[in-house]
Amino acid sequence: EKYRVRKGDILLSWSGTPGTSFGCFRWGGPEGWLNQHIFNVRLKPEIDGEFFIEAINARLAELIAKAHGGVGLQHVTKGTLNAVQLPRPPMTIQRTFAARVAEIRALEAEQAASRKRLDDLFQSLLHRAFSGDL
């Protein structure tokens, strides 16, 4: 049962290739099972999940720098993870911070979608111009 993952759980990938698979995130489902390189994080009630995810991900470069292993697959040890000191402001501040980060992420997604539409439009215009369909 301790290896079961449910939608909404907070997972921490502590092993992998730097720049690709390390990080903390909220599992979007479906129900599943952990592999050996992912922790299911159980937070104390005084820690907001979204705040925790952002705080850990802000420290990824530091964690990866302390990872063990050769080229390719590297591992952050449990000792290294336990030594990470995270800020713990009052819950209202954690939730406000997490909400603002979510707003920023939503704006980033909108901007990325707009950039994609503009790029598609530009490519279409170029194609039409050089194929004589303009």
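Up top is the structure these notes are about.
Small disclaimer: the values here were computed from a predicted structure and weren't measured.

Observations concerning unusual backbone geometry
Next up, step 1: Here Gly 29 and Pro 30 are connected by a cis peptide whose omega angle stands at 0°.
Next up, step 2: By secondary structure assignment, the location of Pro 30 is in the loop between β4 (23-26) and β5 (32-33).

Some details on the packing of helix α1 (residues 49-58) against helix α4 (residues 91-131)
Next up, step 1: Here α1 crosses α4 at 65°, and the two axes come no closer than 8 Å. In terms of orientation, α1 lies roughly perpendicular with respect to α4. Seen along the crossing, α1 lies across α4 with a hand that is left-handed. In contact with Glu 50, Phe 51 and Glu 54 of α1, α4 contributes Gln 94, Phe 97, Ala 98, Val 101 and Arg 105.
Next up, step 2: Of the residues belonging to the contact of α1 with α4, the class tally is four nonpolar, one polar and three charged.

What to know about the sheet that holds strand β6 (residues 38-41)
Next up, step 1: A sheet is described by the order of its strands in space; here three strands give the open sequence β4-β2-β6, paired in antiparallel fashion. Bordering the open sheet on either side are β4 and β6, each of which pairs with just one other strand. Between one strand axis and the next, the sheet turns through 25° on average, direction left out of account.
Next up, step 2: Relative to β6, strand β2 (residues 10-13) runs antiparallel, the two sharing four bridges.

How each quantity is defined
- Residues numbered from 1 in each chain as written.
- Predicted model: local features only at pLDDT ≥ 70, side-chain atom pairs only at ≥ 80, totals over all residues.
- Heavy atoms only, no water.
- Helix = DSSP H or I, 4+ residues; strand = E, 2+ residues; numbered from the N terminus.
- Axes fitted to C-alpha atoms, helices over the stretch in contact; angles between N-to-C directions.
- Parallel < 35°, antiparallel > 145°, perpendicular 65-115°, else oblique.
- Left-handed = near helix turned anticlockwise from the far one by under 90°.
- Contact = heavy atoms within 4.5 Å.
- Nonpolar A, V, L, I, M, F, W, Y, C, P; charged D, E, K, R; others polar.
- Pairing = 2+ DSSP bridges.

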